[in-house]
Amino acid sequence: MNAVKLHSQLELSLEKLREERENKLDIICSFHEAIIVFKPDLSPQIINTQAKTLFKDCLQDGATPSIDQLCLYKNKKSTIRFDLRGWLESLLTLKPLHGKNLEPLEVSVWLKQPQTLQTNLLMLSAKPLFTAQGDIKNILLVIYDRSIYAQADEQKRLMEAAFNSFDGQFITNEKGYITHPNDAFCALTALTAETLRSMTLTRWLEQQVTLKTTTNELLKTLLSTRHWSGEVELHPEPNTTFYAVLSISLLADEQFNIEHYVVTIQNITDIHEAQMAIAQMAYYDELTGLANRRLAMEHLELALKHHKRHATYASLFFINLDRFKNINDAFGRKIGDVLLVQVAQSLKQFLRDEDTVARIAGDEFLIFTQDKATSKAQATQNAYHLAKKIASHLNRNYHIHEITLNSTVCIGITVFPFNPNDTAEDLFTYAELAIAAAKKRTNQKIYFYEPSLSQIVVERRTLEHALTTADLDKQFELHYQVQIDSDDRTHGAEALIRWQHPQMGSISPGKFIPIAEEGRQILRLGHWIMAKAFLQAKQWTEKNPDFTLSINISPIQFHEADFVEQTVKTMQQTLVNPKNITLELTEGVLISDTQNALKKIERLSELGFKISIDDFGTGYSSLSYLQKLPIHELKIDQSFIFRVPESKDDIAIVESIISVARTKNLTIVAEGVENQQQVEFLRKQPDNILIQGYLYGHPCTADEFETLYLNKR
Ligand code: C2E
Ligand code: MG
Ligand code: MG
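Residues numbered from 1 in each chain as written. Chains lettered and ligands numbered in written order. Predicted model: local features only at pLDDT ≥ 70, side-chain atom pairs only at ≥ 80, totals over all residues. Heavy atoms only, no water.

Asker: Looking at this model, I keep getting lost on empty space enclosed by the protein. Mind explaining?
Answerer: The final tally for this structure, using the stated rule, is one cavity of 30 Å³ or more. The volume enclosed by the largest cavity comes to roughly 40 Å³. Listed by contribution, the elements that provide at least two residues to the lining of the largest cavity are β1 (34-38) and β2 (44-47). The residue inventory of the lining of the largest cavity, partitioned by class, reads eight nonpolar, one polar and no charged. (1 Å grid on protein atoms, 1.4 Å probe; cavity = no way out; pocket = protein on both sides within 12 Å on 5 of 7 lines; lining within 4 Å. Points joined across faces, edges and corners; volume = space filled by probe spheres on them. Helix = DSSP H or I, 4+ residues; strand = E, 2+ residues; numbered from the N terminus. Nonpolar A, V, L, I, M, F, W, Y, C, P; charged D, E, K, R; others polar.)

Here it is in structure tokens:
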């Protein structure tokens, strides 16, 4: 009932009341609304039951009810009371309007029950009642409880907020037509609400969504559980993809008549991209974008299982670039990185998408294809053909920032499954062993794993142990190989280590030095060699003051921070004259950590030692760095001397090394001279070249050396 109407009815009833003066409360209580009738002094005259119930917390029992007891507030959160008295007093000034109905004064306030703290939204509607003389006789206050509306409003706001969240949402009607797409959904799908309203849920799915399952599967789940949720790709435009979580709920009545579908789509592209980036980091090599070791090994594990199950065979290829470390050292990491990227690209282009191509470390690549050979022999044959193709594809010139680098690879292969119980890690070890064997080959550097290679590893471990525990004085000895000058006289000797193991017999330095370097036993051995050699040199130079003794220095030893100090200490202890000592370093030592190497070489030179570069020409040295170094001697590697004078190429190399040496006034030593033709070729050169090789003498003991070469001088 509207307020105006109610007031007039009340007025009438009160009039009647006044006449009858009885049952007045009954009448007032018969209204649904809470009603208070005030006297002109604003003390309550009548309070109906509804009003009493509404204000029961405020109106304490027994107390004479007062207007000031009503806990009314202007708004829900406020602690300042609503001035009901003041508000009603404003009515007391009103005058009756003859002929017209006076409009009631209305205000919304909040009632806070002091006990329960419950709040009610009230609408107060007040109006004065006049006597015939026009004086106010009563003020009538009708109180409407609006709490239900307030709750409904709040609910609506909540619903709207929920529906208008960042997630796209829509509801369909029972036929599946989209009826309520929210703004976020329109934005996400790049479709207007109008277009969407002409579409069904399935039509939209077909048009814009790629499911990971089939539409049929989705519908099946939806019908059986009334809900489906999953990750999907959303394509609002042909070339745009969002990643999203799609949730569909089905609303149906008890007879399972479908009433609505409620659909929510949450854009998780950011999360998806972050996940992809993490996966990329965890599984891919940052530099080349190839799979990393972890991913390759996971794929290998799966491939191994597959082949075991189907009794088929494939091959694992381990590829390594030759001399990559030298390239890195000589030209810098950036150039090295570009080379790796180019090699990776070549490999990728060469192989199929389904094949696994990984970079597992530095210059090490791992490959396996989808080969499904029916026998080991067949797999071996296939692998050999592929390896040859890969090698011829990768062994070429690479052009990097105006530098042309020739890079070659070696390839270790294992067919798999090899042994019935092998794991992917075992296969990896086999491929590693195969590549170690491939590196030792001179021509075609391709090698297949064979069980004897594992034997080599066992041997290697045995040697490592033996090196660590060996009594150096008992098992090791220095041998000396003569160096002859152009007048065929003894110029000096190179000290070469020999190992005689009590059980394993004689072990060549070519075999144990690399192991000693890897395990760093070379440090202990190197000290021992230097002390022995210095003592020997001291002894021999007493009679032959110009005699020089060359000593091989391992890079590991040279890179020790106190290498120079140790050398000086040994020099002082043995009293050797450094001018009789030549320290042989390899090219690698000089290119890596050039600044430090330069400082050490400068100090050693100042002390009087001579510095020689051993095996010159086999490293990746650019001749220009030689200019910076205070070195004294170049030793031409025996591999170049070997084919002289038959090979024109090798003659050219030897002659160019000689001419470089000449510009710096360096002593030249030719290593590995075995025949007269080589001597003749070398003697024809304009420079004095020292000769070292089997033709003049094999390395021999100190005693033999004295007899054969020194006492003859
Ligand atoms: P290297 O310093 O280049 O030594 C020359 C190698 O060539 C020696 O092998 C020597 O016996 C061999 N050789 C000499 N003349 C001929 C020849 O006419 N024909 C052939 N085919 N070979 C010849 P060795 O003694 O087996 O040493 C191999 C390598 O082991 C050395 O190469 C050197 O790098 C290393 N090494 C040897 N002794 C020591 C040492 O005391 N300390 C260190 N750090 N390394 C050493
Ligand atoms: Mg040497
Ligand atoms: Mg050498």
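Asker: Just to check I follow, could you spell out the coordination of the magnesium ion (ligand 2) for this structure?
Answerer: Reference values for coordination geometry: four tetrahedral donors around a metal ideally subtend 109.5 degrees, six octahedral donors ideally subtend 90 or 180 degrees. Within the first shell, the magnesium ion (ligand 2) binds the protein through E494 (OE), N552 (OD1), E584 (OE) and D614 (OD), at distances of 2.0 to 2.2 Å. Written as a sequence motif, the donor arrangement for the magnesium ion (ligand 2) is E-x57-N-x31-E-x29-D. The two metals, the magnesium ion (ligand 2) and the magnesium ion (ligand 3), are separated by 3.9 Å and share D614 as a common coordinating residue. Of this pair, E494 sits in strand β20 (residues 490-501) while D614 sits in strand β24 (residues 610-616); the two residues are 120 residues apart in sequence, bridging distant segments of the chain. Taken as a pair, E494 and D614 share a single burial class, namely buried. (Donors = N, O, S within 2.8 Å, 3.2 Å for Na, K, Ca; no water. Buried < 20%, exposed > 50% of the residue type's maximum accessible area, 1.4 Å probe, protein only.)

Asker: What should I look at first to understand the sheet that holds strand β11 (residues 258-267) in this one?
Answerer: Backbone hydrogen bonds hold the strands of a sheet together, and the pairing may be parallel or antiparallel. Within the open sheet, the five strands sit side by side as β7-β11-β10-β9-β8. Their pairing is antiparallel. The strands lining the two open edges of the sheet, one partner per strand, are β7 (168-171) and β8 (209-211). The average undirected angle you get between the axes of adjacent strands in this sheet is 30°. Seen against the sheet, helix α9 (residues 215-225) touches β8, β9 (227-234), β10 (242-252) and β11 and runs at an angle of roughly 155° to β9. (Pairing = 2+ DSSP bridges. Axes fitted to C-alpha atoms, helices over the stretch in contact; angles between N-to-C directions. Contact = heavy atoms within 4.5 Å.)

Asker: It is not clear to me how the site of ligand 1 should be interpreted in this structure. Could you clarify?
Answerer: Near ligand 1, the surroundings consist of 21 residues, among which N552, D614, Q638, E674 and Y694 are the closest. Q638 has a polar side-chain atom sitting 2.7 Å from an oxygen atom of ligand 1. Contact between ligand 1 and E671: an oxygen atom at 3.1 Å from a side-chain N or O atom of the residue. When isolated, ligand 1 has an accessible area of 790 Å², and the protein chains bury 82% of it. Only β20, α18 (509-518) and β24 provide two or more residues apiece to the shell around ligand 1. Class assignment for the residues of the shell around ligand 1 results in eight nonpolar, six polar and seven charged. (Near = heavy atom within 4 Å. Polar contact = N/O pair within 3.5 Å; in protein donor to acceptor, adjacent residues only side chain to side chain. Areas by Shrake-Rupley, 256 points an atom, 1.4 Å probe, with all protein chains shown as cover.)

Asker: What is the right way to look at unusual backbone geometry in this model?
Answerer: Most peptide bonds are trans, and most residues other than glycine sit at a negative phi. Residues F416 and P417 are joined by a peptide bond in cis, for which omega reads -5°. Considering the arrangement of structural elements, one finds P417 in the loop between β17 (409-416) and α15 (424-440). Phi at L42 is positive, roughly 70°, even though this residue is not glycine. Considering the arrangement of structural elements, one finds L42 in the loop between β1 and β2. Using a relative accessible area of 2% as the deciding quantity, one classes L42 as buried. At R323, a position not held by glycine, the phi torsion is positive, near 55°. Looking at the secondary structure, you find R323 in the loop between β12 (314-321) and α12 (324-331). For R323, a relative accessible area of 41% puts it in the partly exposed group.

Asker: What should I look at first to understand the sheet that holds β2 in this one?
Answerer: Read across the open sheet, the six strands follow the order β2-β1-β6-β5-β4-β3; overall the sheet is antiparallel. The sheet terminates laterally at β2 and β3 (72-73), the two strands that pair on one side only. Contacts between helix α4 (residues 84-92) and the sheet are confined to β1, β3, β4 (105-112), β5 (119-130) and β6 (136-145), with β5 contributing the most and set at about 25° to the helix.

Asker: Please clarify how the packing of α15 against helix α16 (residues 451-469) should be interpreted in this entry.
Answerer: Between two packed helices, the angle of one axis relative to the other and the distance separating the axes together describe the packing. Contact geometry of α15 with α16 gives a least axis separation of 9 Å together with a crossing angle of 85°. Classed by the angle they form, the pair α15 and α16 counts as roughly perpendicular. Counted together, Y430, L433, A434 and A437 of α15 and L453, S454 and V457 of α16 form the full contact between these two elements. The residue inventory of the contact of α15 with α16, partitioned by class, reads six nonpolar, one polar and no charged. (Parallel < 35°, antiparallel > 145°, perpendicular 65-115°, else oblique.)

Asker: Sorry, what's going on with the pairing of β12 here?
Answerer: If a strand is regular, its side chains alternate between the two faces of the sheet. Counted residue by residue, β12 has eight buried out of eight residues, so it is predominantly covered. Side chains A314, L316, F318 and N320 project from β12 onto one buried face, and the interleaved S315, F317, I319 and L321 project onto a second face that is buried too. Bridge count between β12 and β17: eight bridges; the pairing is antiparallel. Residue pairing for β17: N320 is matched across the bridge by C410.

Asker: Honestly, helix α27 (residues 676-684) in this entry has me stumped. Any pointers?
Answerer: Note that an α-helix has 3.6 residues per turn; residues three or four places apart therefore point the same way. Turning to α27, its buried residues number three or more, namely Q678, V679, F681 and L682. An end-on view of α27 places all buried positions within 165° of arc, on one side of the element. Lining the buried residues of α27 we find α25 (638-642), α26 (648-663), β26 (667-670) and β27 (689-691). (Arc of directions from axis to C-beta.)

Asker: What is the right way to read the packing of α12 against helix α13 (residues 333-350) from this model?
Answerer: In contact at an axis separation of 6 Å, α12 and α13 are set at 140° when each is read in the N-to-C sense. Relative to α13, the element α12 is oriented oblique. Residues F324, I327, N328 and F331 of α12 pack against R333, I335, G336, L339 and L340 of α13. Of the residues that constitute the contact of α12 with α13, the class distribution is six nonpolar, two polar and one charged.

Asker: Could you clarify how one ought to interpret the side chain of T200 in this entry?
Answerer: Relative to the assigned elements, T200 resides in the loop between α7 (193-197) and α8 (201-208). In contact with T200, not counting residues within four places along its chain, are K175, G176, Y177 and I178.

Asker: Just checking my understanding: could you explain the pairing of β24 for this structure?
Answerer: For β24, the tally of buried residues reaches five of seven residues, placing the bulk of the element in the interior. Relative to strand β25 (residues 633-636), β24 runs parallel, the two being bridged by three bridges. Across the sheet, residue F616 finds its bridge partner in β25, namely I636.

Asker: Please clarify how the packing of aromatic side chains should be interpreted in this entry.
Answerer: What characterises a pair of aromatic rings is the spacing of the ring centres plus the angle enclosed by the ring planes. Summed over the entire model, instances satisfying the criterion amount to 21 aromatic pairs. Each ring, one from F418 and one from Y449, has its centre 5.1 Å from the other, and the planes form 75°; the classification is edge-to-face. Pair noted here: F418 is in the loop between β17 and α15 and Y449 is in the loop between β18 (446-448) and α16, with a separation of 31 residues, a long-range link. For Y449, a relative accessible area of 9% translates into the label buried. Ring plane angle 50° and centroid distance 4.9 Å describe the contact between F705 and Y709, whose orientation is recorded as tilted. With F705 and Y709 both in helix α28 (residues 702-710), this residue pair falls four residues apart, about one helical turn. Residue F705 is classed as buried on the basis of its relative accessible area of 0%. Since its relative accessible area comes to 10%, Y709 is described here as buried. Members of the aromatic cluster, each reached through a chain of ring pairs, are Y480, W540, F547, F705 and Y709. In this arrangement the basic side chain of R293 is found over the ring face of F428, its NZ or CZ atom lying 4.2 Å from the centre. Geometry around F418 places K376 over its ring, the cationic atom sitting 4.3 Å from the centre. (Phe/Tyr/Trp six-rings, centres within 6.5 Å; stacked < 30°, edge-to-face > 60°. Lys NZ or Arg CZ within 6 Å of the ring centre and 35° of its normal.)

Asker: Please explain the coordination of the magnesium ion (ligand 3) as it appears in this structure.
Answerer: Coordination of the magnesium ion (ligand 3) by the protein comes from D614 (OD), D615 (OD), E671 (OE) and E671 (OE), over a distance range of 2.0 to 2.4 Å. Mapped onto the polypeptide sequence, the residues donating to the magnesium ion (ligand 3) form the spacing pattern D-D-x55-E. For D615, a relative accessible area of 25% puts it in the partly exposed group.

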